[in-house]
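# Observations on the three-dimensional arrangement
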Amino acid sequence: WDATARPAFNEGNPTDAIIYELHVRDFSIDASSNVPLADRGKYKAFTYPSTKLTVGKTSTATGLAAIKDLGVTHIELQPIYDFGSVDETGEGNQYNWGYDPKNYNVPEGSYSSDAANPKTRIVELKQAIMAIHKSGLRVNMDSVYNHVQDSTNFSFEKLVPGYWYRRDATGTKTSGSGCGNDTASENPMVSKYIQDSVKYWATEYKIDGFRFDLMGLIDITTMNAIRTQLNGID
C-alpha cells in the first residue's frame, strides 16, 4: 500500500477526465459479475482485475475489467464513508445510496467482509483502491458534507449544540439540502473539519478526486481552501 503510487493522469486538463460513477454494492452484487460469492457487493470485489462472463463461446469482461475497457480515466465511488441507513449487522435495511452521513472519516462497514472488526473495513477499502490504481484508473470519492442523516444525534451536535447547522433569522435549521438541515460551513471550526476530512481521505486512502454533493451549500472560502490544499497533495 505505501509503495503504490497514484496513476498518472496524462491528459493534463481536468476537463479531459472520463468519470464512471458507480455504487459499490451494485458494481458486483449480481452473479453475472463472476466475482466470488463472498466478495460480491463488497470492497474486495474490486480486487479481481480480470473477471469474465462466458456464454457459449463468447466471453465478456465484467467488473473492473469491463470498466477499464470503456476507456475511462476515473472511477467515482458513491458514498464510502459511514452512512446511517444501512444496518451493518446485516439484520435490517441492506441497501441505500449512502447520501446520509453519520461518520465522515470512517469507511462504510456494510461493504466490508466483517463489519464488527473495525480494522477490516479500513484494510479492504485500501485493497480496493490499490487494485483500481494498479489497473491504471484513478479513484474519486462522492462526498456529502452539506447535511447529515440525523441532525439531533449527530456527534458534533452532541459536542457543541447548534454549531454545526446553518439557521435562519428565527433560529430554525435551514434546509437547502431538502434533508432538514444544512451544514454551516462558514463557521470556522466546521470549515476546518471539512478541510481536514478531505485531506485525510486524500492522504490516508489515496483518494484522487472529490465530487461534492450540493456543493453550492458549502461556502466559497472553504471550497477554495480545499482546492489549494488538494493541489499541494497532488
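Read on for a plain summary of the structure. Everything numeric here is computed off the predicted structure, so don't read it as measured data. (Residues numbered from 1 in each chain as written. Predicted model: local features only at pLDDT ≥ 70, side-chain atom pairs only at ≥ 80, totals over all residues. Heavy atoms only, no water.)

## Observations regarding the sheet that holds strand β8 (residues 209–212)
Overall, parallel pairing links the four strands, which are arranged β1-β4-β7-β8 in an open sheet. Two strands bound the open sheet, and with one partner strand each, they are β1 (19–22) and β8. Geometrically, the sheet is characterised by an average inter-axis angle of 25° between neighbouring strands, direction not taken into account. Pairing geometry for strand β4 (residues 74–77) and strand β7 (residues 138–143), over four bridges, is parallel. Residue pairing across strands places H74 opposite R138, the latter belonging to β7. Together, β4 and β7 form the strand contacts of helix α3 (residues 118–134), whose direction differs from that of β7 by roughly 135°. (Pairing = 2+ DSSP bridges. Helix = DSSP H or I, 4+ residues; strand = E, 2+ residues; numbered from the N terminus. Axes fitted to C-alpha atoms, helices over the stretch in contact; angles between N-to-C directions. Contact = heavy atoms within 4.5 Å.)

## Describing the layout of surface pockets
Empty space among the atoms becomes visible once a probe the size of a water molecule is rolled across them. Estimates place the volume of the largest pocket at around 660 Å³. Lining of the largest pocket is provided by 26 residues; of these, P14, D208, G209, F210 and R227 occupy positions nearest its centre. For the lining of the largest pocket, the secondary-structure elements that each account for two or more residues are β4, β7, β8 and α6 (220–233). In terms of residues, the lining of the largest pocket owes the most to one element, α6, which gives six residues. By residue class, the composition of the lining of the largest pocket is 13 nonpolar, six polar and seven charged. (1 Å grid on protein atoms, 1.4 Å probe; cavity = no way out; pocket = protein on both sides within 12 Å on 5 of 7 lines; lining within 4 Å. Points joined across faces, edges and corners; volume = space filled by probe spheres on them. Nonpolar A, V, L, I, M, F, W, Y, C, P; charged D, E, K, R; others polar.)

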